[in-house]
Amino acid sequence: MPDKTLPIGVFDSGMGGLTVMRALRTRLPGENFLYLGDTARLPYGTKSADTVTRYALTAAQALTARGIKMLVVACNTVSAVALPALTEALAPLSVIGVIEPGAEAAIAAAQGAAVAVIATEGTVKGGAYVHAIHDRAPFLPVAQKAAPLLVPLTEEGLVTGEIATLAVARYLTPLLATVPHPRILVLGCTHFPALKETIAEVAGPDVTLVDSAETTARAVEVRLDALGLRNPDRQGSSRFLATDAPDRFSRVGEIFLGAPIDPGSVEVVDL
Ligand code: DGL
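Residues numbered from 1 in each chain as written. Predicted model: local features only at pLDDT ≥ 70, side-chain atom pairs only at ≥ 80, totals over all residues. Heavy atoms only, no water.

Notes on the pattern of salt bridges
For the coordinates displayed, the defined rule picks out ten salt bridges. Between Glu221 and Arg27 there is a salt bridge, with its nearest N and O atoms 2.6 Å apart. Pair noted here: Glu221 is in helix α10 (residues 212–227) and Arg27 is in helix α1 (residues 18–27), with a separation of 194 residues, a long-range link. For Arg27, a relative accessible area of 30% puts it in the partly exposed group. Linked through salt bridges whose partners overlap, the residues forming this network are Arg27, Glu221, Asp225 and Arg230. (Salt bridge = Lys/Arg side-chain N within 4 Å of Asp/Glu carboxyl O. Helix = DSSP H or I, 4+ residues; strand = E, 2+ residues; numbered from the N terminus. Buried < 20%, exposed > 50% of the residue type's maximum accessible area, 1.4 Å probe, protein only.)

In structure tokens form, the structure reads like this:
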């Protein structure tokens, strides 16, 4: 059984996974977190499943070598294509991805209404959300669309205003015109919660947004309790690792974490 005081490892292709880290820190303030953003090899969303799996395995090894008690795969693309490989390679360490908690949240919100998913090309190609939803609710209509432009847009801080609205509408307008009309929109990429305001405006009041950060944090809490792995300390800490450009990591990361990140606290690691 791992040491309870060890950090929870959180892994993403870059800074976007800090939206999940934010939800984790809110729900589990007593836990320590060790976050790794593979900024040198970002983006993952446009790469093949084999390449993403290879990158994810080396990144996960960097985290386990430093000592973690659980791995949270905050990246939707990695969760979509590499979760079985990670789970097998890291066993008996617990590995939690974001797709299944997101799918469960979508089904709960949908109440039988159609669901739409926006994500990276990699996530959409493998149909991970569609499969995860249909495994649990076989007859729920699910439409999906890759929205790759929204990733760099968010990293530029363009989360509201004319450009953001036009880009979001380019993807959402055809997707939400699908019949039957989706009433639930899953934000199937780490970056999209930062665009929530614009997405909600474009989608309109009839569409409910679902983001997997919250539900993933809940799934992690449940798993920690089931394994008796809660940190007994009251106040947790966060450490950050990046494979390149720590200044950019801290500057852009603040958009997703919703809190300042001292550039000096970001350690550069080579995978
Ligand atoms: N983290 C990725 C995801 O959630 C988005 C960024 C990327 O393409 O690497 O799918």
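From this point, the discussion proceeds with the structure in view.
Brief notes about the packing of helix α4 (residues 99–110) against helix α6 (residues 128–136)
Two numbers describe how α4 lies on α6: the axes approach to 9 Å, and their chain directions differ by 55°. Between α4 and α6, the interaxial angle falls into the category oblique. α4 and α6 meet at a crossing whose hand is right-handed. Every residue of α6 that contacts α4 at Ile99, Glu100, Gly102, Ala103, Glu104, Ala106 and Ile107 is listed here: Ala128, Tyr129, Ala132, Ile133 and Arg136. (Axes fitted to C-alpha atoms, helices over the stretch in contact; angles between N-to-C directions. Parallel < 35°, antiparallel > 145°, perpendicular 65-115°, else oblique. Left-handed = near helix turned anticlockwise from the far one by under 90°. Contact = heavy atoms within 4.5 Å.)

With respect to the sheet that holds strand β1 (residues 8–12)
Overall, parallel pairing links the six strands, which are arranged β4-β3-β1-β2-β9-β10 in an open sheet. Here the strands that pair on one side only, and so sit at the sheet edges, are β4 (94–96) and β10 (266–268). For this sheet, the mean inter-axis angle between neighbouring strands, taken without regard to orientation, is 20°. Direction of pairing for β1 relative to strand β3 (residues 70–73): parallel, over a ladder of four bridges. What sits directly across from Ile8, in β3, is Met70. (Pairing = 2+ DSSP bridges.)

Observations regarding the site of the ligand
Taken together, 13 residues lie around the ligand, and Asp12, Ser13, Tyr44, Gly45 and Thr77 are the ones closest in. Asn76 places a main-chain nitrogen or oxygen 3.0 Å from an oxygen atom of the ligand. Separating a nitrogen atom of the ligand from a side-chain N or O atom of Thr190 is a distance of 2.9 Å. Across the complex, the protein chains shield 99% of the 300 Å² of accessible surface that the ligand would expose by itself. Classifying every residue of the shell around the ligand by side-chain character gives five nonpolar, seven polar and one charged. (Near = heavy atom within 4 Å. Polar contact = N/O pair within 3.5 Å; in protein donor to acceptor, adjacent residues only side chain to side chain. Areas by Shrake-Rupley, 256 points an atom, 1.4 Å probe, with all protein chains shown as cover. Nonpolar A, V, L, I, M, F, W, Y, C, P; charged D, E, K, R; others polar.)

Details of the environment of Ala23
Among the secondary structure elements, Ala23 is positioned in helix α1. The spacing of Ala23 and Val81 is 58 residues in sequence and 23 Å in space, taken between C-alpha atoms. Those residues in contact with Ala23, other than ones at most four positions away along the chain, are Ala213, Glu214 and Ala217.

As for the pairing of strand β8 (residues 208–211)
For strand β7 (residues 184–188) and β8, the ladder comprises four bridges, and the chain directions are parallel. Counted as the bridge partner of Val186 is Val210 from β8. Handedness of the crossover joining β7 and β8 through helix α9 (residues 196–203): right-handed. (Right-handed = clockwise from strand over helix to strand, strands pointing away.)

Re the state of the cysteines
Defined simply, a disulfide is a covalent bond joining two cysteines at their sulfur atoms. Considering all chains together, one arrives at zero disulfides under this definition. Cys75 takes part in no disulfide bond, and the closest cysteine sulfur to it belongs to Cys189, at a distance of 7.4 Å. (Disulfide = S-S within 2.5 Å.)

Looking at the packing of helix α2 (residues 49–66) against helix α3 (residues 76–90)
Each pair of packed helices can be described by the angle between their axes along with the distance between the axes. Running from N to C, α2 and α3 cross one another at 50°; their axes reach a closest spacing of 9 Å. On the basis of the axis angle, α2 is oblique to α3. Our pair here, α2 against α3, has a crossing hand that is right-handed. For the pair formed by α2 and α3, the contact residues are Ala49, Val52, Thr53, Ala56, Leu57, Ala60 and Thr64 on the first element and Thr77, Val78, Val81, Ala82, Ala85, Leu86, Ala89 and Leu90 on the second. Of the residues contributing to the contact of α2 with α3, the split by class is twelve nonpolar, three polar and no charged.

Section: the packing of aromatic side chains
This structure, assessed with the given rule, holds five aromatic pairs. Ring centres of Phe240 and Phe249 lie 6.0 Å apart, and the angle between their planes is 55°; on these two criteria the pair is classed as tilted. You'll find Phe240 and Phe249 in the same group, each marked buried. Members of the aromatic cluster, joined through ring pairs, are Phe11, Tyr44 and Tyr55. The aromatic ring of Tyr55 is capped on one face by Arg41, whose charged end is 4.0 Å from the ring centroid. (Phe/Tyr/Trp six-rings, centres within 6.5 Å; stacked < 30°, edge-to-face > 60°. Lys NZ or Arg CZ within 6 Å of the ring centre and 35° of its normal.)

Regarding helix α11 (residues 246–257)
Taken together, the buried positions of α11 are occupied by Phe249, Ser250, Val252, Gly253, Phe256 and Leu257. Residues of α11 that are buried make contact with α1, β2 (33–37), α7 (150–155), β9 (238–242) and β10. Positioned one or two residues after α11, Gly258 has a phi angle of 70°, which is positive.

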